[in-house]
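Descriptive structure summary
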Amino acid sequence: MKTKILEILRQAEKGAFISGQELCGQLGVSRTAVWKSVKQLKDAGYKIEAIQNKGYCLLSTPDILSKSEIESQLQTKWVGRPVCYFDEIDSTNTEAKRIAEGMAGAQGHGTVVVAEEQNAGRGRRGRDWDSPRGDGIFFTILLKPDMDPSNAPMLTLVKALATAKGITKYTGLESAIKWPNDVVVNGKKVVGILTEMSAQVDYINHIVVGTGINVHQKGFPEEIAAKATSLDIELKQLGKQKKIYRAALLASVLEEFEACYEAFMQAQDLSFLMEEYNSLLVNCGKEVRVLDPLGEFGGKALGINERGELLVGCKGEITRVSSGEVSVRGIYGYV
Ligand code: BTN
């Protein structure tokens with residue numbers, strides 16, 4: 001009911017009041033029930049003016065990631081239907097896997113697990129992902145795609161593209177992608193993505209795509225300060241005043257993901273997304289070092305192919321680099 005009340009109050013023109021009677025009619029509940037939900041919203045930090053004989057007016061929204069705040073902003077068909085919110089959790093990826101294991105078949109596909117804080121957030125290559133309360137967005141999309149397991153690594157690139165687009169659309173910042181799946185702003189990382197899969201030889205049980213977005217951090221520990229940034233830091237650097245509401249940003253990213261995922265599933269590869277991905281690829285046309293455990297080499301990054309492999313040109317030959325154990329660095333640093 002809180003989701004619906006927020007939706008209705010947001011649809012109203014700025015400063016306009018929606019009568020209690022109208023809310024009761026649209027929701028099919030009593031005035032007392034509406035009043036109780038409005039009180040809960042106020043307790044959660046919403047400023048809602050209530051005037052007798054006039055009704056309710058939403059004056060301001062807190063920067064929270066609650067289920068009703070996210071769902072009331074979301075314009076998707078199936079992604080984030082439902083949103084599972086946790087004030088604190090070990091890791092949203094781990095929780096998404098627990099949910100997947102408790103559901104049969106395609107059930108749960110599109111579920112989004114989100115948390116204000118993770119106490120055991122995980123990054124790639126066994127690293128930790130620092131997940132302080134209120135600073136970032138930590139969320140995981142649970143997917144149960146009907147496709148060959150060998151296609152799964154491409155989903156990470158789909159997620160990176162969707163996240164970069166969602167960030168740019170909502171913040172106006174120019175975000176780019178460092179192959180395969182870091183989203184960067186101004187040459188520094190703002191987003192990390194961790195994709196995990198449970199599969200049989202020819203059948204996917206589920207895939208969880210976890211994303212951490214640095215939003216309100218004011219600084220980073222010395223070891224990563226040269227390559228990590230937050231959206232607030234970058235907005236400030238450009239002298240922009242925009243205040244980021246994390247639920248609205250998350251909705252923007254999830255909406256982009258739904259569209260990109262559908263294009264990916266239609267082609268069963270990145271054919272429809274490759275051009276846009278390459279246009280955002282920060283390494284494109286640049287000299288890179290490919291850190292392959294089987295042997296390091298250098299060359300010019302030429303963009304990805306429809307399988308998401310990075311094409312690297314070197315001495316007249318083109319090598320296809322797959323993600324996984326390989327990572328790519330700029331010759332002068334992170335990008
Ligand atoms: C990376 O190392 O770049 C990937 C970081 C992925 C972090 C996100 S935060 C939400 C989800 N839950 C986790 O435990 N990890 C991912």
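Residues numbered from 1 in each chain as written. Predicted model: local features only at pLDDT ≥ 70, side-chain atom pairs only at ≥ 80, totals over all residues. Heavy atoms only, no water.

**Things to note about the side chain of Glu256**
- Residue position: Glu256 is located in helix α9 (residues 246–267).
- Using a relative accessible area of 12% as the deciding quantity, one classes Glu256 as buried.
- Leaving out residues up to four positions away in the same chain, Glu256 has contacts with Ala162, Lys165, Gly166 and Lys169. (Helix = DSSP H or I, 4+ residues; strand = E, 2+ residues; numbered from the N terminus. Buried < 20%, exposed > 50% of the residue type's maximum accessible area, 1.4 Å probe, protein only. Contact = heavy atoms within 4.5 Å.)

**Notes on the site of the ligand**
- Inspection of the region around the ligand gives 18 residues, with Ser91, Gln118, Arg122, Arg124 and Lys189 positioned closest.
- Within the contact set of the ligand, an oxygen atom lies 2.7 Å away from a backbone nitrogen or oxygen of Arg124.
- Contact with the protein chains covers 98% of the free accessible surface of the ligand, which is 410 Å².
- If you map the ligand onto the pockets, it falls in the largest pocket.
- Put simply, the parts of the chain that give the shell around the ligand at least two residues each are α5 (92–101), β5 (136–143), β8 (188–199) and β9 (204–214).
- Broken down by element, the shell around the ligand gets its largest block of residues, four residues, from β8.
- A class-by-class count of the residues in the shell around the ligand yields four nonpolar, eleven polar and three charged. (Near = heavy atom within 4 Å. Polar contact = N/O pair within 3.5 Å; in protein donor to acceptor, adjacent residues only side chain to side chain. Areas by Shrake-Rupley, 256 points an atom, 1.4 Å probe, with all protein chains shown as cover. 1 Å grid on protein atoms, 1.4 Å probe; cavity = no way out; pocket = protein on both sides within 12 Å on 5 of 7 lines; lining within 4 Å. Sits in = over half its atoms within 2 Å of the grid points. Nonpolar A, V, L, I, M, F, W, Y, C, P; charged D, E, K, R; others polar.)

**Topic: unusual backbone geometry**
- A cis amide bond links Arg81 with the next residue in sequence, Pro82, at an omega value of 10 degrees.
- Inspection of the secondary structure assignment puts Pro82 in the loop between α4 (67–73) and β3 (83–86).
- Backbone torsion omega between Trp179 and Pro180 reads 0 degrees, so that peptide bond is classified as cis.
- Topologically, Pro180 is positioned in the loop between β6 (175–178) and β7 (182–185).
- Its identity is not glycine, yet Arg125 carries a phi of approximately 55 degrees, on the positive side.

**Focus on the domain arrangement of the protein chain**
- Along its sequence, the protein chain is organised into domain 1 (2–60), domain 2 (67–279) and domain 3 (287–328).
- Of note, the centres of domain 1 and domain 2, computed from C-alpha atoms alone, are 31 Å apart.
- Listed as interface residues are six residues of domain 1 and, on the opposing side, five residues of domain 2.
- At the boundary of domain 1 with domain 2, total buried surface from both sides reaches about 470 Å², with 43% on carbon and sulfur atoms.
- One salt bridge in this structure joins Glu69 and Arg10, with 2.9 Å as the shortest N-O distance.
- Counting every contact that joins domain 1 to domain 2 gives three residue pairs in polar contact (both at pLDDT 80 or more).
- The residue makeup of the side of domain 1 that touches domain 2, split by class, is two nonpolar, one polar and three charged. (Domains from an automatic or database assignment. Buried area = accessible area lost by both parts, 1.4 Å probe. Salt bridge = Lys/Arg side-chain N within 4 Å of Asp/Glu carboxyl O.)

**Brief notes about the sheet that holds strand β10 (residues 287–291)**
- The strand order β13-β12-β11-β10-β14 describes an open sheet built from five strands, whose pairing is antiparallel. Since the sheet does not close on itself, it has two edges, and those belong to β13 (317–321) and β14 (327–330), each with one partner. When strand polarity is set aside, the average angle formed by the axes of neighbouring strands in this sheet is 45 degrees.
- Here β10 pairs with β14 via four bridges, running antiparallel. The residue of β14 that forms the bridge with Val288 is Gly330. (Pairing = 2+ DSSP bridges. Axes fitted to C-alpha atoms, helices over the stretch in contact; angles between N-to-C directions.)

**Points about the sheet that holds β8**
- Spatial ordering of the open sheet is given by β3-β4-β5-β9-β8-β7-β6, a layout of seven strands whose pairing is mixed. Each having just a single partner strand, β3 and β6 make up the two edges of the open sheet. Neighbour-to-neighbour, the strand axes of the sheet open up by a mean angle of 20 degrees, direction not taken into account.
- Pairing geometry for β6 and β7, over four bridges, is antiparallel. Note on β7: the bridge partner recorded for Ile177 is Val183.
- Along the sheet face, α9 touches β4 (112–115), β5 and β9 and points at about 30 degrees away from the line of β5.

**Section: the pairing of strand β2 (residues 55–60)**
- Pairing geometry for strand β1 (residues 47–51) and β2, over five bridges, is antiparallel. Bridge assignment links Ile51 to a residue of β2, and that residue is Gly55.
- Taking the residues between adjacent antiparallel strands as the criterion, β1 and β2 are bridged by three residues, where Asn53 takes a positive phi near 70 degrees.

**Let's talk about the layout of surface pockets**
- Taken as a whole, the largest pocket spans an internal volume of roughly 830 Å³.
- Lining the largest pocket we find 40 residues, and of these Gly123, Asp128, Trp129, Lys189 and Gly192 sit closest to its centre.
- Counting residues per element, the ones that place at least two in the lining of the largest pocket are α5, β5, β8, β9 and β14.
- In the lining of the largest pocket, the residues fall into 15 nonpolar, 14 polar and eleven charged.
- A domain-level breakdown of the lining of the largest pocket finds at least three residues from each of domain 2 (67–279) and domain 3 (287–328). (Points joined across faces, edges and corners; volume = space filled by probe spheres on them.)

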